[in-house]
Every structure is written in C-alpha cells, then in structure tokens.
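# Descriptive structure summary
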2 protein chains.
Amino acid sequence: MHVDDLPIEQKIKYVQDTLFVISGKWKLPILIAISQGSNRFRDIQRQVLPITTRVLTKELRDLEQNKLVIRTVYDTSPVLVTYDVSAYCKSLKPLVDEMILWGKNHRKKLIE
Amino acid sequence: MHVDDLPIEQKIKYVQDTLFVISGKWKLPILIAISQGSNRFRDIQRQVLPITTRVLTKELRDLEQNKLVIRTVYDTSPVLVTYDVSAYCKSLKPLVDEMILWGKNHRKKLIE
DNA sequence: ATATCTGGTATTCTTTAGGTTACTGGCATC
DNA sequence: GATGCCAGTAACCTAAAGAATACCAGATAT
C-alpha cells in the first residue's frame, strides 16, 4: 500500500506518532551522537552539550522505551553502562538523512 | 556532497533546524489538510480538530514565515482569506511520506 | 590526601506550548 | 430582529519541557 492512498486521518495519526518519538530538542542529536560512537553517558553528554544530566537521563529512557536505544549495565565495580543504537534504530536513517538535507537547504531558502 | 560526509555538529544543527520548522502538535496536520484542499481558515480548523482559533492562527503565521504556506487576502466584503501550500512546501513531501511510513510501522513494532 | 572521573538522582525554577473562554464587525440567512 | 458564518484577537491559565544547582558513592590519577 502506497502512502498517498492512506486516508488523511491516518496520515495525520502516523505523522504525529513519529513526531512524538523523535521530537524535542535532544532526541535526534542523542541518537546521532550514539551512532557515531559515543557510547557512554558522559561521552554522549559532552557530544550533545549543553544538555544536562537530568535531561539526558530522561531522553535516554524515552529512547529505550521506543526500542531505539539499548542500555547495558556491566557488573563491574564501579558499574559500566553503555548505550547503543538498536538494529531497529537503523530504520530511522532515511528519515534522519532527509531531515539533514532539508534543514541544510532550508537555511539557504530563508536567506533568499 | 553526501549526508554521511557532513561533520556530526552540522548534522545535528540541520536536524534541529528541520525539527524546529515541522515539530509541534499541529504543523504537519495543518500542511496536510491544506494540501488536500482545505484552503479557508474554518475549513482547516474543522479538518484539524480540535485545534483552537488562537493556536491555528499562530501555526499558520509560523508556516508562512517559513515560506511553506501562502496567505492571500482578497479585498471583498467581508474579506476572503485563503491559505495555500507554496511550491517550496512540496520539498517536504519525501520527509513527510517517510514519517508516515515510519509511524505506521512503529505502531506494530511497539506491540511486539 | 586531594582532585577528578564514573552514572546518575533530587530539588527547584523558568520558559514555552498549547488550551479556555469570550469577544469583534461585517454580511447572509431564517 | 435574532441567529449564524467568517477570520480572526485578547486575556488568562495549565501542563510539560527543559535549565540550574547541588549532591551521591566508588574508583582512578596526581
């Protein structure tokens, strides 16, 4: 089934679902940072500055619930925690790439 | 230049720009409604219910500033106002279609 | 022994998004 | 002559997002 064939209410619903998952100031920046190799809490925080620890914690929990991020706790002392993007998270790549391209172009467009 | 070649800070910046334009509860639903033929203020409001007039006004102004919507006032009495999506707005279609597809699939994913 | 790293939590505060309700002034309709 | 449609505006309120600051305990580095 093609996107254009969906009834308008369905389109709106699905778009709102997607927005709910990825919107907010930090979610995509965090995913980008993790997928580029920042796997530790403090690494991510440094990459996505100036996010605070409180907000980062909350965002990571949200992403985990949406099955985009996997949190692993190693039973060492002190504990080691790693964050990784899930295989499912890769399904977001076409969307994110499209957003990067669109945002890049939009800057130019607004200056016109 | 390919997306993957951009430095991470640029990716993050462009993604945030895009999010800023399209996120929020109503922006995309409004664009979808207009592009499907709701061109009058009240038509849009009825299609995107339960949005209020106050919020709809604000969202339409934002969309206009981002060159996605064109507002035309006809000098009749009483005044007639129409809203149309701009040609530029069509550049959002790949992004929105991708969001529809992803949101559709994500519902299934979360039920698993 | 002092400072700094780790992965966070707790408390408080401010800002923003969005909602509620009421109202306007022309015009057409019942 | 009261009601309703049109395209909004105004004043106020609530809830949620996010920011600021301080703090924790166990380990490492100086």
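Everything in this summary refers to the structure shown in the same document. All figures in this text were calculated on a predicted structure; none of them were measured in a lab.

## Details of the pattern of salt bridges
Any two side chains of opposite charge can pair, given that their charged atoms come close. All names here are of chain A. In the structure shown here, the tally under the stated rule is 16 salt bridges over all chains. The shortest N-O distance in the salt bridge between Asp62 and Lys27 comes to 3.7 Å. With Asp62 in helix H4 (residues 53-65) and Lys27 in helix H2 (residues 27-35), this residue pair connects regions lying 35 residues apart in the sequence. Taken together, the shared-partner salt bridges in this structure form one network comprising Lys27, Lys58, Glu59 and Asp62.

## Overview of the interface of chain B and chain A
Taken together, the 50 residues of chain B in the interface contact 50 residues of chain A. Summed over both sides, the interface between chain B and chain A buries roughly 4800 Å², with carbon and sulfur atoms accounting for 69% of that surface. Counting across the chain B and chain A interface gives four salt bridges. Mapped onto the side of chain B that touches chain A, the elements with two or more residues apiece are helix H1 (8-22), helix H2 (27-35) and helix H5 (93-111) of chain B.

## Some thoughts on the packing of aromatic side chains
The description of an aromatic ring pair rests on the distance of the ring centres and on the angle between the ring planes. The tally for this structure, following the rule as stated, stands at two aromatic pairs over all chains. Pairing Trp102 of chain A with Tyr88 of chain B gives two aromatic rings, centres 5.9 Å apart and planes at 20 degrees, and the pair type is stacked. Taken as a pair, Trp102 of chain A in helix H5 (residues 93-111) and Tyr88 of chain B in the loop between strand S2 (80-85) and H5 lie in two separate chains rather than in one. On the basis of relative accessibility, which here comes to 4%, the residue Trp102 of chain A falls in the buried class. Here Lys109 of chain A stacks its cationic end above the ring of Tyr88 of chain B, 4.7 Å away from the centre of that ring.

## Some thoughts on the protein's contact with DNA strand C
Around DNA strand C, 19 residues are found, and the nearest of them are Arg42, Arg71 and Tyr83 of chain A together with Lys25 and Ser77 of chain B. Atoms of DNA strand C within 4 Å of the protein: sugar and phosphate make up 58%, bases the balance. Separating a phosphate oxygen of DNA strand C from a side-chain N or O atom of Arg71 of chain A is a distance of 2.4 Å. Measuring from a base oxygen of DNA strand C, one finds a side-chain N or O atom of Arg54 of chain B at 2.8 Å. For the surface near DNA strand C, the secondary-structure elements that each account for two or more residues are helix H3 (41-47), H4 and strand S2 (80-85) of chain A together with helix H4 (53-65) of chain B. Sorting elements by how many residues they give to the surface near DNA strand C places H4 of chain A first, with four residues. For the surface near DNA strand C, the per-class residue count stands at six nonpolar, five polar and eight charged.

## Section: the pairing of S2 of chain A
Residues and elements named next belong to chain A. In the sheet, strand S1 (residues 69-74) pairs with S2 via six bridges, with the strands oriented antiparallel. Within the sheet, the bridge partner assigned to Arg71 lies in S2 and is Tyr83. Count of turn residues in the S1/S2 antiparallel hairpin: five residues.

Calculation criteria
Residues numbered from 1 in each chain as written. Chains lettered and ligands numbered in written order. Predicted model: local features only at pLDDT ≥ 70, side-chain atom pairs only at ≥ 80, totals over all residues. Heavy atoms only, no water. Salt bridge = Lys/Arg side-chain N within 4 Å of Asp/Glu carboxyl O. Helix = DSSP H or I, 4+ residues; strand = E, 2+ residues; numbered from the N terminus. Contact = heavy atoms within 4.5 Å. Buried area = accessible area lost by both parts, 1.4 Å probe. Phe/Tyr/Trp six-rings, centres within 6.5 Å; stacked < 30°, edge-to-face > 60°. Buried < 20%, exposed > 50% of the residue type's maximum accessible area, 1.4 Å probe, protein only. Lys NZ or Arg CZ within 6 Å of the ring centre and 35° of its normal. Near = heavy atom within 4 Å. Polar contact = N/O pair within 3.5 Å; in protein donor to acceptor, adjacent residues only side chain to side chain. Nonpolar A, V, L, I, M, F, W, Y, C, P; charged D, E, K, R; others polar. Pairing = 2+ DSSP bridges.

All we've got here are geometric facts, nothing functional implied.
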